[in-house]
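Tertiary structure, described
For reference, the chains in residue letters:
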Amino acid sequence: MKPTLVEFAIIGHPNEGKSSVLSTLAEDDSVRVSSIPGETVVCQSFPVRIDGREIIRFIDTPGFQNPRQTLAWFQAYEGPEEALLNAFIVAHEDDPAFHDDCELLRPVAAGAGLIFVVDGSRPLRQVDRAEMEILRLSGAPRMAVINSKEDDVEYLSKWQSEFRKHFNAVRVFNSCRANYRQRIDLLESLKSIDQELEPVLRQVVEAFQDDWEIRSQRTAALLADCFLDILNYRKTIPCAPEEEEAKRRELHGQYLAYVSEREREAQQAIRGLFKHNIFNLELPPQSILEEDLFSNRTWQFLGLTNRQIILAGALGGAALGVGIDAATVGTSFGLFSAIGGLIGAGATALKGKGLLSGVRLLGTKMGGEQLRVGPVNNIQLLYILLDRGLLFYSHVINWAHGRRDYERMPELLRQSGGKAGFTSRWSREQRAVCDRFFRAIQKGHEGEIEETSVALQDLLRDQFLEIAEDRAGGEADADSRALVPIKPE
């Protein structure tokens, strides 16, 4: 009878990547990652559910306790082959010296396939050969995973040669750098280890791929809604002429707080979509995402280039704030003109050249006894938000669930042009999508806003696909290429 739910026991030594591989495969950051032998003493199941339905289950197991003695017993066994594992468990379950060996073999005896994980940066030992032979004699569908935590390949060929003698498939897998595509590839390779498992595993892979597409759609919608809320911010408060300066400062602070919190909410929701729930999804210290959204450094490294900013205003019709309120009744002012280093000397838009020293972020005006602000009238903010959203997405999908820190940061890459974001490399057609979305918000036409929001979400999903393909193709690590601000030469 073909299985309806596939189970795989993950077997290996502490500090060799067993728990990290499990955490990444199961997309579960609650798996305890420890270098201390004996931390895992009983098997623990980690089901993978999509739309509430369990589609595959991974089982964390203790490491072997006495592999040489266990192998000797296996080799001396004279009973039916299919009863080997159960016979060993019955014979040793009351012996504390074989507790871990019995525990790790229980799911295999119950029909689970197995994934044996080793650290490929160390040499092969005799005890490893004993463990491989035990697993071969178990008769279970089995894969060997060489966890390549470093670039050290000195012993890789020896591991691969030995594994071919004992396993149905062999894979090299970096559990601390594995992304979605590599996770799918590992699941794909599991299909080849047993013909009976292939149909079920094919369904599992398809479910993962469909689920990923749904996550991408939801992420695009979350970002588009976030951008809409931030750009469409409008507020009217009572304000006598003599209170104008104080009220202006009050609104300034309120808007800054609102934007930062709204972006944080969107990022938190995206984290949840990709199941980063337990441990903090850490950013490298030099990440531009660690910068405040309204810092000079953020605006210097993200968004459009100088020439593109000017073209956006001259050709696209998007207001850059220069004289935007000339026709309004009452006093008009730039709400953010007092922010140190933000917009005041044009540094945010043209990196200190002062060409747009009057750039403002929110349209504002006094009318009677009221002060009205919003919506945003600087399209550059949209591109800053887009860059930060795409950078966060890149980080989330490339942060393996088994990873815990950035102790081994890759050497920082350098780019020409001084830009670290995505949008400065976009085509005119891609920027036109953004421009239509921005102008629809300014005009306040709900139907047009909805239509342009859909187009923006399509653009974002295309970018998500490019980000995933770039990473899968072996291009620069997201830590360095996408998250580190690049200083101009």
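Shown above is the structure to which this text applies.
What you are looking at is a predicted structure, and each value in this text was computed from that prediction instead of being measured. (Residues numbered from 1 in each chain as written. Predicted model: local features only at pLDDT ≥ 70, side-chain atom pairs only at ≥ 80, totals over all residues. Heavy atoms only, no water.)

Attention shifts here to the overall build of the protein chain. Helix and strand counts for the protein chain stand at 16 helices and nine strands. Looking at the protein chain as a whole, 52% of its 489 residues qualify as buried. Looking at the protein chain as shown, the accessible area adds up to about 21600 Å², and 47% of this sits on carbon and sulfur atoms. (Helix = DSSP H or I, 4+ residues; strand = E, 2+ residues; numbered from the N terminus. Buried < 20%, exposed > 50% of the residue type's maximum accessible area, 1.4 Å probe, protein only. Areas by Shrake-Rupley, 256 points an atom, 1.4 Å probe, with all protein chains shown as cover.)

On to the nonpolar core, then. Residues F8, I56, F58 and L456 are the most contacted members of the largest nonpolar core, which totals 91 residues. Ranked by the residues each element gives to this core, the list is headed by helix α8 (residues 198–231), at 15 residues. Excluding residues within four positions of it along the chain, F8 makes contact with I56, R57, F58, I59, A112, G113, L114, I115, L190, I193, L197 and L201. Residues L85, V108, V118 and Y155 belong to the second largest nonpolar core, which totals 30 residues. (Core = buried A, V, L, I, M, F, W, Y, C linked by side-chain atoms within 4.5 Å. Contact = heavy atoms within 4.5 Å.)

We now examine the packing of aromatic side chains. The final tally for this structure, using the stated rule, is 14 aromatic pairs. Where F74 meets F88, the ring centres are 5.4 Å apart and the plane angle is 75°; that geometry is what we call edge-to-face. With F74 in helix α2 (residues 67–76) and F88 in helix α3 (residues 84–92), this residue pair connects regions lying 14 residues apart in the sequence. Each member of the pair, F74 as well as F88, carries the same accessibility label: buried. In textbook terms, an aromatic cluster arises when at least three aromatic residues are bridged by ring pairs, as seen for W73, F74, Y77, F88 and F98. (Phe/Tyr/Trp six-rings, centres within 6.5 Å; stacked < 30°, edge-to-face > 60°.)

In this section: the packing of helix α1 (residues 18–26) against helix α7 (residues 180–190). Packing of α1 against α7 brings their axes to within 10 Å, and their N-to-C directions diverge by 95°. Classed by the angle they form, the pair α1 and α7 counts as roughly perpendicular. Taken together, the residues of α7 that come into contact with α1 (itself represented by T24, L25 and A26) are R183, L186 and L187. Of the residues that constitute the contact of α1 with α7, the class distribution is four nonpolar, one polar and one charged. (Axes fitted to C-alpha atoms, helices over the stretch in contact; angles between N-to-C directions. Parallel < 35°, antiparallel > 145°, perpendicular 65-115°, else oblique. Nonpolar A, V, L, I, M, F, W, Y, C, P; charged D, E, K, R; others polar.)

Below, the discussion takes up the side chain of T61. Mapped onto the fold, T61 is located in the loop between β3 (53–60) and α2. Only 2.7 Å separates the side chain of T61 from the backbone oxygen of I10, close enough to count as a polar contact. (Polar contact = N/O pair within 3.5 Å; in protein donor to acceptor, adjacent residues only side chain to side chain.)

Okay, helix α4 (residues 99–109) next. With eight of its 11 residues buried, α4 lies for the most part within the structure. Looking at α4, one finds that the buried residues are D100, D101, C102, E103, L104, L105, P107 and V108. Elements in contact with the buried residues of α4: β1 (6–12), β3, α2, α3, β4 (113–119) and α5 (126–138). Remark: G111 follows α4 within two positions and exhibits a positive phi of approximately 115°.

Before going further, it helps to spend a moment on the environment of I449. With respect to the element layout, I449 can be found in helix α15 (residues 446–472). I449 sits in the buried class, given a relative accessible area of 11%. Apart from the residues within four sequence positions on either side, I449 is in contact with L228, A440, I441 and G444.

Next up on the list: α2. Buried residues of α2: P67, T70, L71 and F74, and no others. End-on view of α2: buried residues confined to an arc of 100°, all on one side of the axis. Opposite the packed face of α2, turned more than 90 degrees from it, sit the exposed residues R68 and A76. Where α2 is buried, its residues meet α3, α4 and α5. (Arc of directions from axis to C-beta.)

This part covers the environment of V205. Relative to the helices and strands, V205 is located in helix α8. For the pair formed by V205 and I184, sequence separation is 21 residues and the distance between their alpha carbons is 6.7 Å.

Its identity is not glycine, yet D51 carries a phi of approximately 55°, on the positive side. Structurally, D51 is set in the loop between β2 (44–50) and β3. For K275, which is not glycine, the phi torsion reads 65° and is therefore positive.

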